[in-house]
Amino acid sequence: MTTSHPDIKVSLLRASHVAAQLVQDGLRVEEIRIHGRAQPAVQICPNRYTSTLNGRRYAWGSDVQGPFERYAALMDGVQVQWEIRRNRLARLATLPYREALNDT
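Residues numbered from 1 in each chain as written. Predicted model: local features only at pLDDT ≥ 70, side-chain atom pairs only at ≥ 80, totals over all residues. Heavy atoms only, no water.

K.L.:
Where do I start with the overall build of the chain in this structure?
P.N.:
Summing up its helical and strand segments, the chain has three helices and five strands in all. Along its sequence from the N terminus, the chain presents helices and strands in the succession α-β-β-β-β-β-α-α. Counting all 104 residues of the chain, 25% fall into the buried class. Here the contacts in the chain between residues at least 6 apart in sequence split such that 37% fall between residues at least 24 apart. (Helix = DSSP H or I, 4+ residues; strand = E, 2+ residues; numbered from the N terminus. Buried < 20%, exposed > 50% of the residue type's maximum accessible area, 1.4 Å probe, protein only. Contact = heavy atoms within 4.5 Å.)

Put into structure tokens, the structure is as follows:
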């Protein structure tokens, strides 16, 4: 039987503490990542409270789901990450209605 590395235990405790604090602050935690000796990370869903984390944008671009921006903030040695999607579907949803108006 093997025991886990002490660094992993410490990372897990820190990440759990940060995740609990984020939930208490009104944020939804989606995922906690622990990879060996790397810095632990907590993935959250962005909402109106996300701006209080003072995160920095580290990636942006566009993929099949549309434009995105990825942010990260450091909290008690744990990287807190979130992604903001700029969804263009709202504009496209009105097209069938406009076409229907033109048919009459």
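K.L.:
What is the right way to look at the environment of Ile34 in this model?
P.N.:
Mapped onto the fold, Ile34 is located in the loop between strand S1 (28-33) and strand S2 (41-45). Once you skip the residues sitting within four places of it in the chain, Ile34 turns out to touch Ile8, Ser11, Leu12, Ala15 and Pro40.

K.L.:
Would you mind going over the sheet that holds S1 with me for this structure?
P.N.:
Backbone-to-backbone hydrogen bonds pair the strands of a sheet. The strands run either parallel or antiparallel. Reading across the sheet, the five strands line up as S1-S2-S5-S4-S3 and stay open at both edges, with mixed pairing between neighbours. Each edge of the open sheet carries a strand with a single partner, namely S1 and strand S3 (56-63). Neighbouring strand axes in the sheet, compared pairwise and without regard to direction, differ in orientation by 25° on average. Pairing between S3 and strand S4 (residues 66-75): seven bridges, direction antiparallel. What sits directly across from Trp60, in S4, is Glu69. (Pairing = 2+ DSSP bridges. Axes fitted to C-alpha atoms, helices over the stretch in contact; angles between N-to-C directions.)

K.L.:
What is the right way to look at the pattern of salt bridges in this model?
P.N.:
A pair can form between side chains of opposite charge whenever their charged atoms are brought close. Applying the stated rule across the entire model yields seven salt bridges. With a shortest N-O distance of 2.7 Å, Arg85 and Asp63 are connected by a salt bridge. Of the two residues, Arg85 sits in strand S5 (residues 78-85) while Asp63 sits in strand S3, which places them 22 residues apart along the sequence. Here Arg85 makes a salt bridge to Glu83, at a shortest N to O gap of 3.0 Å. The class of Arg85 is partly exposed, set by a relative accessible area of 27%. The exposure class of Glu83 is partly exposed, given its relative accessible area of 24%. In the salt-bridge network here, residues are joined through shared partners; they are Asp63, Arg70, Glu83 and Arg85. (Salt bridge = Lys/Arg side-chain N within 4 Å of Asp/Glu carboxyl O.)

K.L.:
Explain the confidence of the model for the chain to me, please; I cannot follow it from the model alone.
P.N.:
Atom-level detail of predicted coordinates should not be read off regions where pLDDT is low. For the chain, the average pLDDT comes to 83, and 79% of its residues sit at 70 or higher. No element of the chain has a lower mean pLDDT than helix H2 (residues 89-92), which averages 43, and none a higher one than S2, which averages 97. Scored below 50 in pLDDT, residues 89-95 shows zero contacts in the model against residues more than four places distant or in partner chains. This model gives residues 97-101 a pLDDT under 50, and the stretch forms zero contacts once residues within four places in sequence are excluded. (pLDDT = per-residue confidence, 0-100.)

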